[in-house]
Amino acid sequence: MNSNLNPNLNSNLSLTLPEHPRKSNGKVTSGPASFYARWRVQCGVVPALREDHESPPERLLQAVWQHQRLLRGQLKTLDGQTVRVLHPGFADPEGGPDFRGAVVQFDDAPPRAGDVEVDIHAGNWRAHGHDRNPAFQQVILHVIWDGAGVHASACQGGGKSARLKPELQPPPPRLSISDKLDAPIGELSFWLNAESAQLLPENLRGQCCASLRDLAPEKLAELLRDAAQIRFRGKSAQLQARARQAGWEQALWEGIFRALGYKHNTWPMHCLAEQRERWLSPRTSPFALQARLFGISGLLPAELTRAQASADGYLRRIWDQWWREREEFADCTLPRSVWRFHGQRPANHPQRRLALAAHWLASGSLAGKIERWCASVVPDEELAGSLLEVLQIGRDDFWSWHWTMRSARLKKPQPLLGAARAADLAVNVILPWLWVRAAEGKNESVQRGIERRFNAWPSAEDNAVLRLARQRLLGGAPRRALRNAAEQQGLIQIVRDFCDRANAVCQDCRFPEMVRNWKDERGRCDSSNAEQAI
Ligand code: SF4
């Protein structure tokens, strides 16, 4: 699949230069020189790292693993097994291994589920007593920064480990990642440190609440906008880093699939998108692509409902299609166990998302349509509707009438994409993708236009992070207090930068002090400007 978009589609929109810049830590991905960016450095949210020296902090390695900011197609354990990460697992703050419930495939063996421990040094396995700790018995992969000096024989049950005392566990396979990052470590430290999420107990008003309440509404808006810029550029940088490896169109599809994964299923969706060139063939119908995607994803039910005739009819036809090609795609088929269904609304079921993606992929024109939308003139109040129109598909004989493959036929047809998911796609994928392409193409006016759209985008759906943040930081402000998607994104960024690094009583959080000082500084600046004007 050609990664450069058709130049005929964007004749008046110079997005991307023909080649990626040789240096990846150039102007585009350096952080914006804003006051909020300085706060992150001053508070140690962003560690000052250089490319050429010591190991990064473990916290950063964990974030790299969690977000898989790795050259995922090139991973090998120190003893030479290829590693395919189908799910990185869930961060576990309770002690024990760093990530629980990861799913990893070694060479061609069936995928294994288990835990992952992340350490700077290989020797920490013994030094930290993991080899004697029963909580580490399910660890299937030890992710380390640098494997220099570690002998392959020490990585598996053979060699020295065969002589361990019976109560000691041999170290699991080791994966060194220092040369497998998808971007320079300095760039990763800047952007990724915003993302290590741990939810905090509810009903606790934060210590910053009073400082934020003292800000005038326009100052609070300025602060949220500035923080949102950090988040926006972080997402842009991630797409850019992936585009360096796989091309712009592939980076877009991976971003779209992740967003369609909605909270719990971002990783399986990402894994599917990574294999896009493997399973996408030209001129395939939406139905045939649906069958292939359901089959490869492991989401195809093995049994009929025997109660829903229309669902069973569709399922039979899908199986007829998939049956013919299942052998051909056996190597990239995911186990059903990588998917999570708990607490999922039918409208967000991954089957439904894949059915939608199959339509986009079969049309072959989504990237071009998004480019044309970017080049068109759209009034602010029509932004959301105009993008929804671009992304909406025509009626699907089955999916417009069923939430999932096992549900009864609906009385009224339902669109496969709602306004809330379209807004998520816009602020998390489409606008950052367009912006960073324009940045690489050195097209500042297009960049400014995309920033304007981001800042004007209407609020997206509320979520648990925003609800808790409004309670803790904004003293229980109502949902409408965040007037647009950028303000929502800014608040999430503050949570990631500050709340996720403090405990429930805000111990050692420097955000309140930063806000107070900024308010005082701004106050002094404003009054001196007023005096000069007089
Ligand atoms: S941790 Fe910091 S930013 Fe979060 S609520 Fe407490 S004081 Fe505010």
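Each chain carries its own residue numbering, running from 1 in the direction its sequence is written. Two thresholds apply to this predicted model, a pLDDT of at least 70 for residue-level local features and 80 or more for giving and counting side-chain atom pairs, whereas whole-chain, interface and lining totals are computed over all residues.

### Some words on the overall build of the protein
Heads up, the condition is: Counting from the N terminus, the helices are DSSP H or I runs at least four residues long and the strands are E runs at least two residues long. Whether a residue is buried, exposed or partly exposed follows from its count of other C-beta atoms within 10 Å of its own C-beta, namely 20 or more, 12 or fewer, or something in between, respectively; the C-beta atoms are built from the backbone.
Scanning the protein for helices and strands turns up 19 helices and six strands. Residue burial in the protein is summarised as follows: out of 534 residues, 39% are buried.

### Section: unusual backbone geometry
When glycine is set aside, most residues are seen to have a negative phi, and most peptide bonds are trans. Even without glycine at this site, aspartate 107 takes up a positive phi of about 45°. Mapped onto the elements of the fold, aspartate 107 is located in the loop between strand 3 (99-106) and strand 4 (112-119). Although it is not a glycine, aspartate 508 adopts a positive phi angle of roughly 65°.

### Let's talk about the site of the ligand
As a reminder, the rule being used: Placing a C-beta atom from the backbone of each residue, we mark the residue near a molecule or strand if the atom is within 6 Å of it. Note on residue categories: nonpolar means Ala, Val, Leu, Ile, Met, Phe, Trp, Tyr, Cys or Pro, charged means Asp, Glu, Lys or Arg, and polar means any other residue, Gly included.
As a matter of local geometry, the ligand sits amid 13 residues, with Gly206, Cys208, Cys499, Cys506 and Cys509 nearest to it. Taken together, the residues of the shell around the ligand break down into 10 nonpolar, two polar and one charged.

### Let's talk about the nonpolar core
Quick reminder of the rule: We define the nonpolar core as any set of buried residues of the types Ala, Val, Leu, Ile, Met, Phe, Trp, Tyr and Cys, connected via C-beta atoms lying within 7 Å of each other. By the convention adopted here, residues are in contact when the distance between their C-beta atoms, placed from the backbone, does not exceed 7 Å.
Counting residues in hydrophobic clusters, the biggest one holds 121 residues, and the most contacted among them are Ala357, Ala426, Trp457 and Leu491. A per-element tally of this core places helix 15 (residues 419-440) first, with 14 residues. For tryptophan 457, the residues in contact, after removing those within four places along its chain, are Leu383, Ala384, Ala423, Ala426, Val427, Asn484, Ala485 and Ala486.

### With respect to the packing of helix 14 (residues 383-391) against helix 15
The cut-off we apply is this: Angular values range over 0 to 180 degrees, each being the angle between N-to-C directions of two axes fitted as lines to C-alpha atoms, with helices fitted over their stretch in contact. Just so you know how the angles are binned, under 35 degrees is roughly parallel, over 145 roughly antiparallel, 65 to 115 roughly perpendicular, and the rest oblique.
Viewed as axis vectors pointing N to C, helix 14 and helix 15 meet at an angle of 95°, and their least axial separation amounts to 10 Å. In terms of axis orientation, helix 14 runs roughly perpendicular to helix 15. Side by side, helix 14 and helix 15 meet where Ala384, Leu387, Leu388 and Leu391 of the first sit next to Ala419, Ala422, Ala423, Leu425 and Ala426 of the second. When its residues are assigned to classes, the contact of helix 14 with helix 15 shows nine nonpolar, no polar and no charged.

### Comments concerning the environment of glycine 343
Summarising the element assignment, glycine 343 is placed in the loop between helix 11 (309-325) and helix 12 (350-363). Overall, glycine 343 belongs to the exposed group, with 8 C-beta atoms counted inside 10 Å. The spatial distance from the C-alpha of glycine 343 to the C-alpha of histidine 264 is 9.6 Å, given a sequence separation of 79 residues.

### Quick word on helix 12
For clarity, the threshold we go by: To estimate the expected span of a helix, count its residues, drop one, and scale the result by 1.5 Å.
Compared with an ideal rise of 1.5 Å per residue, which puts 14 residues at 20 Å, helix 12 spans 20 Å between its outermost C-alpha atoms and is within 8% of the ideal. The element helix 12 is largely enclosed, with a buried count of 12 among its 14 residues. Taken together, the buried positions of helix 12 are occupied by Pro350, Gln351, Arg352, Arg353, Leu354, Ala355, Leu356, Ala357, Ala358, His359, Trp360 and Leu361. Contacts made by the buried residues of helix 12 are with helix 7 (248-260), helix 10 (286-297) and helix 13 (366-375). One or two positions beyond helix 12, positive phi appears at glycine 364, with a value near 70°.

### As for the environment of alanine 486
Mapped onto the secondary structure, alanine 486 falls in helix 18 (residues 485-497). A count of 26 C-beta atoms within 10 Å places alanine 486 in the buried class.

### Examining the environment of glutamine 207
Note that glutamine 207 resides in the loop between helix 4 (185-192) and helix 5 (209-214). Residues glutamine 207 and cysteine 509, 302 residues apart in the sequence, show an inter-C-alpha distance of 8.4 Å. Filtering out sequence-adjacent residues up to four positions away, glutamine 207 remains in contact with Cys506, Cys509 and Pro512.

### Section: the pairing of strand 5 (residues 139-144)
Here is the rule we go by: The pairing criterion is simple: DSSP has to find at least two bridges between the two strands.
Among the six residues of strand 5, five are classified as buried, and the element is accordingly described as predominantly covered. Judged from the five bridges that link them, strand 4 and strand 5 form a sheet pairing that is parallel. The residue of strand 5 that forms the bridge with valine 118 is valine 143. In this sheet, strand 6 (residues 174-176) lies alongside strand 5 in parallel orientation, the contact comprising three bridges. Looking at strand 6, one finds that isoleucine 144 is bridged to serine 176.

### A word on the confidence of the model for the protein
What counts, and what does not: A score between 0 and 100, pLDDT records how confident the predictor is in each residue.
Looking at the protein, pLDDT values average 84 and 83% of them are 70 or higher. When the elements of the protein are averaged for pLDDT, helix 4 gives the smallest value, 74, and helix 7 the largest, 97. Across residues 20-30 the pLDDT falls below 50, and counting only partners more than four positions away or on other chains, this stretch makes 17 contacts in the model. Within the model, the stretch residues 194-203 combines pLDDT values under 50 with 25 contacts to residues more than four positions away or in other chains.

### Some points on the packing of helix 6 (residues 217-246) against helix 7
Definition in use: Throughout, a crossing is termed right-handed when the near helix is turned clockwise from the far one, and left-handed when it is turned anticlockwise from it by less than a right angle.
Viewed as axis vectors pointing N to C, helix 6 and helix 7 meet at an angle of 130°, and their least axial separation amounts to 7 Å. Relative to helix 7, the element helix 6 is oriented oblique. Where helix 6 crosses over helix 7, the handedness of that crossing is right-handed. Between helix 6, through Leu239, Arg242, Ala243 and Ala246, and helix 7, the contact on the second element is made entirely by Trp248, Gln250, Ala251, Glu254 and Gly255. Its residues placed into classes, the contact of helix 6 with helix 7 shows five nonpolar, two polar and two charged.

### Topic: helix 15
Put simply, the rule is: What the bend at a residue measures is the angle between two axes, fitted to the seven residues ending there and to the seven starting there.
Taking 1.5 Å per residue as the helical rise, helix 15 with its 22 residues ought to reach 32 Å, and the 30 Å between its terminal C-alpha atoms agrees with that figure. Residue alanine 426 marks the point of greatest curvature in helix 15, where the axis turns by about 50°. Within helix 15, 19 of the 22 residues are buried, which leaves it mostly tucked inside the rest of the structure. Positive phi shows up at lysine 442, right after helix 15, with a value of about 55°.

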